[in-house]
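Architecture and fold: a report
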Amino acid sequence: MDYVIDYIISLTHLYGLVHKEKVVEIYNMQNVEKIDEKVIDAIENSSPDILRKNFVMIQNDYFVAESIIQFSDMDDELQKRAGKPFYVPNQEELFNYKSDTYFEMTKEYKALNNYVKRNFFHGDPFKAEMFCEDIQGICQYAFSLQRISNEINQRGIVFESERQFNELMKLIMNLSNHTRLWENNGYTPQELFELTDKPNMRSLPANNDNHSNQKVGRNAPCPCGSGKKYKKCCMKN
């Protein structure tokens, strides 16, 4: 029974919400001893406290992440996932998701970490890690360029040039496109694009209005594109 509970918790953390039939399907796919929905029903009746302690709630025939119950509409969440396939990792990887704070440490995450540690945090691994974890959370749960801009400003990041700003944003967008999303049933935007050939990946707007909100070095080229140094152009305004 505990083993099945591990599946319920892990799958809920990976997908945000999961129907009990999908739990049975994935469990039976990965285990010799099979279960049916009666086992899931018994867990719903006997172990709701264990699930709640792991931020898993029960709503109708779904196991749902607590944050979705609190902050989202269930119908909207189901609509986001409609028609999308499910990413099913192997059992070892799946059970990493028993922790609600787990996320996959991708090469894109490591690239961002190395860049900000070297360029903005004077080699401080702790500050770089905290920044990257917050950016990863934005990419995973509440992506917006404004939130990313706010995070950059709150950390006091100062750009030496527009090129450096663009390098950072490219790394963030790469991370975003390789982050597993609830609304994609665990797939990353890149993976889902390759599977369905539909425009799922995130990209920066062609004319990025966030430049005006960034801290730019006094002697850096002005982000407005005038060719002048920032201190002799938009900084005056």
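The structure this text deals with has already been given above.
Bear in mind the structure is a predicted one, so any value in this text is a computation, not a measurement.

**Observations concerning the sheet that holds strand β2 (residues 56–59)**
- Sheet architecture is open: three strands sit in the order β1-β3-β2, paired in antiparallel fashion. Looking at the sheet topology across the chains shown, the edges are occupied by β1 (17–19) and β2. Adjacent strand axes in the sheet meet at a mean angle of 25°, parallel and antiparallel pairs treated alike.
- Examined bridge by bridge, β2 and strand β3 (residues 62–65) share four bridges and lie antiparallel to one another. The residue bridging Q59 from the neighbouring strand is Y62, located in β3.
- This element, helix α1 (residues 2–15), spans β1, β2 and β3 of the sheet and lies at about 125° to β1.
- On top of the sheet, helix α6 (residues 74–81) reaches β1, β2 and β3; it is set at about 80° to β1, its chief contact.

**A closer look at the packing of helix α2 (residues 20–30) against helix α3 (residues 37–46)**
- For the pair α2 and α3, the least separation of the axes is 9 Å and the interaxial angle reads 120°. In terms of their interaxial angle, α2 and α3 are classed as oblique. The chirality of how α2 crosses α3 is right-handed. Packed against α2, whose contacting residues are K20, E21, V23 and V24, the element α3 presents E37, I40, D41 and E44 at the interface.

Analysis parameters
- Residues numbered from 1 in each chain as written.
- Predicted model: local features only at pLDDT ≥ 70, side-chain atom pairs only at ≥ 80, totals over all residues.
- Heavy atoms only, no water.
- Pairing = 2+ DSSP bridges.
- Helix = DSSP H or I, 4+ residues; strand = E, 2+ residues; numbered from the N terminus.
- Axes fitted to C-alpha atoms, helices over the stretch in contact; angles between N-to-C directions.
- Contact = heavy atoms within 4.5 Å.
- Parallel < 35°, antiparallel > 145°, perpendicular 65-115°, else oblique.
- Left-handed = near helix turned anticlockwise from the far one by under 90°.

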